[in-house]
Amino acid sequence: MVKPVVIVVGADKGGVGKTTVSRTLLDYFNVNNVQTRAFDTESPRGTLKRFYPAITEIVDMATTADQMKIFDTLNSGLSVTVIDARAGLLSTALASLRDIGFLDSARSGQITFAVFHILGSSIASLDEIAETATYMAGAKYYLVKNFINDTQFFQWDQSTYNSYFHRIKHATELTIPKLNEMAYEQVEVASVPFVDFVANKGRNDEPANNSFVLRGYVRHWLANVWSEFDRINLTELAGAKSATRSDDK
């Protein structure tokens, strides 16, 4: 049996595009034929569920009942569980995982655990890294610079930057490039996965009338994002091989 994979996407600051990154992960696993489920912790209303209603459940990770929904079902047969952590509560979510013994299971190799930490542009993000890193023993730790909102990262001296990053063993940096603003807005309005927008499909798989130009922007951007995921061998994390993707995906 394939070992369960749990990916937590979050930040200790809101507005850094964590749900956008979660959406790209779900699309990536979908085209690579990796069975995936998702939990949206923006209870009671979740943005992620709007785009992936069939595989996403809204939960409150602060409650024992919802923790059981997530972690008592890891051996359900699905390869990957993606958890979109509530804005500003990444450290709190990780502390909960420690308290229920999940982090011990990850350290012992029973579960594959990864954290995609979406960084903000201020020096406070470096303090977030230092705090989050204390939970990372036995986990894959990805530091994600998300340029989706024209963010400018780490505008200070290199020695300050290095003093934080050198404390973290085996952390991997990822870059999510900027997507054309009008294209991003139209995907939001359509409320469909990025891959469905590119394929000109609506919410119920019906033909849509999306702009050829905007679809092209999304296709090009998504290919760049997936190149980053290929670079870190993300499918291997889930025990799968990368699929050969056409330009129409």
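Residues numbered from 1 in each chain as written. Predicted model: local features only at pLDDT ≥ 70, side-chain atom pairs only at ≥ 80, totals over all residues. Heavy atoms only, no water.

For the protein chain, an unreviewed UniProt entry supplies the name CobQ/CobB/MinD/ParA nucleotide binding domain-containing protein and the organism Bradyrhizobium elkanii.

Draft legend 1. Broad picture of helix 10 (residues 212–231). With 20 residues, helix 10 should reach 28 Å at 1.5 Å per residue; the first-to-last C-alpha distance of 29 Å fits that figure. Of all the positions in helix 10, only Leu214, Arg215, Val218, Trp221, Leu222, Val225, Trp226, Glu228 and Phe229 are classed as buried. All buried residues of helix 10 lie within an arc of 145° about the axis, which places them on one face of the element. Of the exposed residues in helix 10, those oriented more than 90 degrees away from the buried face are Phe212, Val213 and His220. The elements touched by buried residues of helix 10 are helix 1 (18–31), strand 5 (112–119), strand 7 (171–176), helix 8 (181–190), helix 9 (194–198) and helix 11 (234–237). For helix 10, the N-terminal cap is Ser211; the gap from its side-chain oxygen to the backbone nitrogen of Val213 is 3.2 Å. In the segment just after helix 10, Asn233 is the residue with positive phi, at about 55°. (Helix = DSSP H or I, 4+ residues; strand = E, 2+ residues; numbered from the N terminus. Expected span 1.5 Å × (residues − 1). Buried < 20%, exposed > 50% of the residue type's maximum accessible area, 1.4 Å probe, protein only. Arc of directions from axis to C-beta. Contact = heavy atoms within 4.5 Å. Polar contact = N/O pair within 3.5 Å; in protein donor to acceptor, adjacent residues only side chain to side chain.)

Draft legend 2. Examining the sheet that holds strand 1 (residues 5–10) more closely. One open sheet holds the 7 strands; their spatial order is 3-2-4-1-5-6-7, and the pairing between them is parallel. Since the sheet does not close on itself, it has two edges, and those belong to strand 3 (56–58) and strand 7, each with one partner. Averaged over all pairs of adjacent strands, the angle between their axes in this sheet comes to 20°, without regard to strand direction. Relative to strand 4 (residues 80–84), strand 2 (residues 36–40) runs parallel, the two sharing 5 bridges. Within the sheet, the bridge partner assigned to Phe39 lies in strand 4 and is Ile83. (Pairing = 2+ DSSP bridges. Axes fitted to C-alpha atoms, helices over the stretch in contact; angles between N-to-C directions.)

Draft legend 3. How the structure looks around the packing of aromatic side chains. Taken as a whole, this structure holds 8 aromatic pairs when the rule is applied. With a centroid separation of 5.2 Å and an interplanar angle of 50°, the aromatic rings of Phe71 and Phe102 are classed as tilted. Placement of the pair is Phe71 in helix 3 (residues 64–71) and Phe102 in helix 5 (residues 102–107), with a sequence separation of 31 residues. Residue class for Phe102 comes out buried when judged on its relative accessible area of 5%. An angle of 90° between the planes, with centres 5.0 Å apart, marks the rings of Phe102 and Phe113 as edge-to-face. A residue pair is termed long-range when its members are at least 10 positions apart, and Phe102 in helix 5 and Phe113 in strand 5 qualify at 11 residues. Accessibility expressed as a relative area gives 2% for Phe113, which makes it buried. Taken together, Tyr28, Phe29, Phe116, Tyr142, Trp226 and Phe229 form an aromatic cluster joined through their ring pairs. Taking the ring centre of Phe51 as reference, the NZ or CZ of Arg23 above it sits at 3.7 Å. (Phe/Tyr/Trp six-rings, centres within 6.5 Å; stacked < 30°, edge-to-face > 60°. Lys NZ or Arg CZ within 6 Å of the ring centre and 35° of its normal.)

Draft legend 4. Expanded view of the environment of Thr81. Here Thr81 is to be found in strand 4. We classify Thr81 as buried; its relative accessible area is 2%. Considered as a pair, Thr81 and Pro4 are 77 residues apart in the sequence and their alpha carbons are 7.8 Å apart. Within polar-contact distance, the side chain of Thr81 engages the side chain of Arg37 at 2.8 Å.

Draft legend 5. Quick peek at the pattern of salt bridges. Going through the model one piece at a time under the given rule, you end up with 13 salt bridges. Across the pair Lys145 and Glu173 runs a salt bridge whose closest N-O atoms are separated by 3.5 Å. With a gap of 28 residues between them, Lys145 in strand 6 (residues 140–146) and Glu173 in strand 7 connect regions that are remote in the sequence. Accessibility expressed as a relative area gives 16% for Lys145, which makes it buried. (Salt bridge = Lys/Arg side-chain N within 4 Å of Asp/Glu carboxyl O.)

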